[in-house]
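What the coordinates show
Residue-level listing of the chains:
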Amino acid sequence: MNLPQKLRYRRYEDWTAEEIAAIKAKMQQSPWHCHYHVEASSGLLNDPNGFSYFNQQYHLFYQNWPFGAAHGLKQWVHLVSDDLVTFKETGIRVQPDHANDHEGAYSGSAQVIDERLFLFYTGNVRDEDWIRHPKQVGAWLDKEGQLTKLDSVLIEQPKSTTDHFRDPQIFSYNDHYYAIIGGQTLQKEGIIKLYRAVHNNVLKWEYVADLDFGSDGSPYMIECPNLVFIDQKPVLIFCPQGLAKTTLAYDNIYPNTYIIFEEFDPNTGRLSGSHGMQNLDFGFESYATQAFNSPDGRVLAVAWAGLPDLASPTDAYHYQGALTLVRELTLKEGRLCQEPVAALAKLNTNASSFADRKSTSNSYHLALTIPANQVSQLCFFASPEKSGLLLTVDTTSGFLTLDRSQAGIQYAQAYGSKRTCQIPQQHVTLNVYVDQSLIEIFVDQGQTVLTSRYYPESTKANGLYLISGLASGTFYEMRKQNGR
Ligand code: FRU
């Protein structure tokens, strides 16, 4: 939503209790709230931040402007979880209340260091001429939930970048702390800079190199870089804004991509043995994926089921955005697979065979098999006239299409209202999670993933039909999460 800059950057303390209550009251009227995905308790949610395991719990923050559906003065809002399924807001926030993050506590990551959680993030600072001065800054979260910001700037904007320099990801490699930061060169090319903690002290950083990941030079800015290690192989996850569509076909306003490599050299920043750039997600809305190597050996990821610079039907209710389900990342036959964490199964209830499913409440999990040589079409969020979100799974020619042009509130049409991707020309499995206005589709154990929003026009649009072809499997209702 386009709101005046003055309103978006109004200081938090200047919002009255009545204004905040009015925003929340309006939010409550929305028919589209998710039942088991995380949404902002107030206003806009964008990137996941600080995803980590600390003090026997998972920690996850989200970027937030709490006063409406716009990108304004950002803070981090803190969530904890025991199982990566149920998340609870703790009330802890990284607010834009310091000279080094005065115009926003922008995205960043977290690392457990000596019994405390270190938060490494971008302080967005604007001067009186509204010129941006990005500062990479830190804060400590202790086991009692006390948040203490550092006063010093850990990394200043380098001379070689524009004011687009942000989103530090801290990670440990060979027992040493490193950080990668997204940015833009003076020639307006997207880059990722690599830093190392001097003497392994995260309060002191030295520049190592620009990450050499084989960029074609087409992106004008790179946001939210992550480097994780799966089966020892480095996997780079990032958002290359402006990426040439000849390099990688995509339809969304900005892509969210990954590259699997064979080796990482922390002294030169070279990633070698590239398996080529791929889309992380083929749906209408997915961005800013954050992943980390969890101490239990899993590599966990979560994304923003949304995109920058887009309006949403929920804007009228003063909120926008949701987080995806938490996914476990694995490599299978050289491909990145993303599957919802196993614990999600605890939300499955009232299982029935797909053929015997009763009417739905738009909160369900469908585990299906589509046989080979089929063109099977399913309709989600279907009206009594059977119009809704159409999913066509063509195992004859090996294509999958998601079409939201037929029904539902139309928006972001400038980027098309169909998404198509390749699937194997053989039988495929589908795990589909529908949640009121959000759908996540996992094909063949997450080898292909589509995350999308869909806003049904009426509460009667809650049908689920097999329009043509064959599909069999299980239908589960999904349990609602507390407070949602
Ligand atoms: C990505 C992003 C980040 C930035 C944050 C601000 O969506 O633009 O680059 O840190 O959002 O909310």
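So, here's what we can say about the structure. (Residues numbered from 1 in each chain as written. Predicted model: local features only at pLDDT ≥ 70, side-chain atom pairs only at ≥ 80, totals over all residues. Heavy atoms only, no water.)

Some points on the environment of Thr148
Residue position: Thr148 is located in strand 8 (residues 147–149). In sequence terms Thr148 and Leu119 are 29 residues apart; their C-alpha atoms lie 9.9 Å from each other. The contact partners of Thr148, leaving out residues within four places of it in the chain, are Ala139 and Trp140. (Helix = DSSP H or I, 4+ residues; strand = E, 2+ residues; numbered from the N terminus. Contact = heavy atoms within 4.5 Å.)

Brief notes about the nonpolar core
With 35 residues, the main nonpolar core has Phe51, Leu84, Leu300 and Val326 as its most contacted residues. Filtering out sequence-adjacent residues up to four positions away, Val326 remains in contact with Phe51, Leu84, Phe87, Leu300, Ala301, Val302, Glu339, Pro340 and Val341. The next biggest cluster of nonpolar side chains, apart from the first, holds 29 residues, and it includes Leu378, Phe380, Val428 and Tyr454. (Core = buried A, V, L, I, M, F, W, Y, C linked by side-chain atoms within 4.5 Å. Buried < 20%, exposed > 50% of the residue type's maximum accessible area, 1.4 Å probe, protein only.)

Things to note about the site of the ligand
Around the ligand, the neighbouring residues are Asn46, Asp47, Gln63, Lys74, Tyr106, Ser107, Arg166, Asp167, Glu223, Tyr287 and Trp304. Here Ser107 contributes a backbone N or O atom positioned 3.1 Å from an oxygen atom of the ligand. A distance of 2.7 Å separates an oxygen atom of the ligand from a polar atom in the side chain of Arg166. When residues of the shell around the ligand are traced back to their parent elements, those giving at least two are strand 1 (44–54), strand 5 (105–113) and strand 9 (161–173). In the shell around the ligand, the residues fall into 3 nonpolar, 3 polar and 5 charged. (Near = heavy atom within 4 Å. Polar contact = N/O pair within 3.5 Å; in protein donor to acceptor, adjacent residues only side chain to side chain. Nonpolar A, V, L, I, M, F, W, Y, C, P; charged D, E, K, R; others polar.)

With respect to the pattern of salt bridges
Under the criterion given, the structure shown has 19 salt bridges. For Glu262, the salt bridge identified is with Lys233, shortest N-O distance 2.9 Å. Of this pair, Glu262 sits in the loop between strand 15 (257–260) and strand 16 (263–265) while Lys233 sits in strand 14 (residues 233–241), and the two are 29 residues apart along the sequence. Arg327 is the partner of Glu440 in a salt bridge, and the nearest nitrogen-oxygen pair spans 2.6 Å. On the criterion of sequence distance, the pair formed by Glu440 in strand 30 (residues 438–443) and Arg327 in strand 21 (residues 327–332) is long-range, its members being 113 residues apart. No difference in accessibility class separates Glu440 from Arg327, as the two residues are buried. Connected through shared salt-bridge partners, Asp97, Asp101 and Lys149 make up one network. (Salt bridge = Lys/Arg side-chain N within 4 Å of Asp/Glu carboxyl O.)

A few points about the sheet that holds strand 14
With respect to topology, 4 strands assemble into an open sheet ordered 13-14-15-18, the strand pairing being antiparallel. Strand pairing shows two members of the sheet lacking a second neighbour, strand 13 (221–230) and strand 18 (277–279), which therefore form its edges. Within the sheet, the average angular offset between the axes of one strand and its neighbour, ignoring direction, is 25 degrees. Bridge analysis of strand 15 against strand 18 gives 3 bridges, and the strand direction is antiparallel. Counted as the bridge partner of Thr257 is Asn279 from strand 18. (Pairing = 2+ DSSP bridges. Axes fitted to C-alpha atoms, helices over the stretch in contact; angles between N-to-C directions.)

A closer look at the packing of aromatic side chains
As enumerated under the stated definition, the model contains 30 aromatic pairs in all. Arranged with centres 6.2 Å apart and planes meeting at 75 degrees, the rings of Trp15 and Trp65 form a pair that is edge-to-face. Of this pair, Trp15 sits in the loop between helix 1 (5–8) and helix 2 (17–28) while Trp65 sits in strand 2 (residues 57–65), placing them 50 residues apart in sequence. As far as the burial class goes, Trp15 and Trp65 line up, both buried. Here the aromatic rings of Trp15 and Phe67 are separated by 4.2 Å at their centres, their planes lie at 5 degrees, and the arrangement is stacked. Taken together, the positions of Trp15 in the loop between helix 1 and helix 2 and Phe67 in the loop between strand 2 and strand 3 (75–81) put the pair 52 residues apart, joining distant regions of the chain. (Phe/Tyr/Trp six-rings, centres within 6.5 Å; stacked < 30°, edge-to-face > 60°.)

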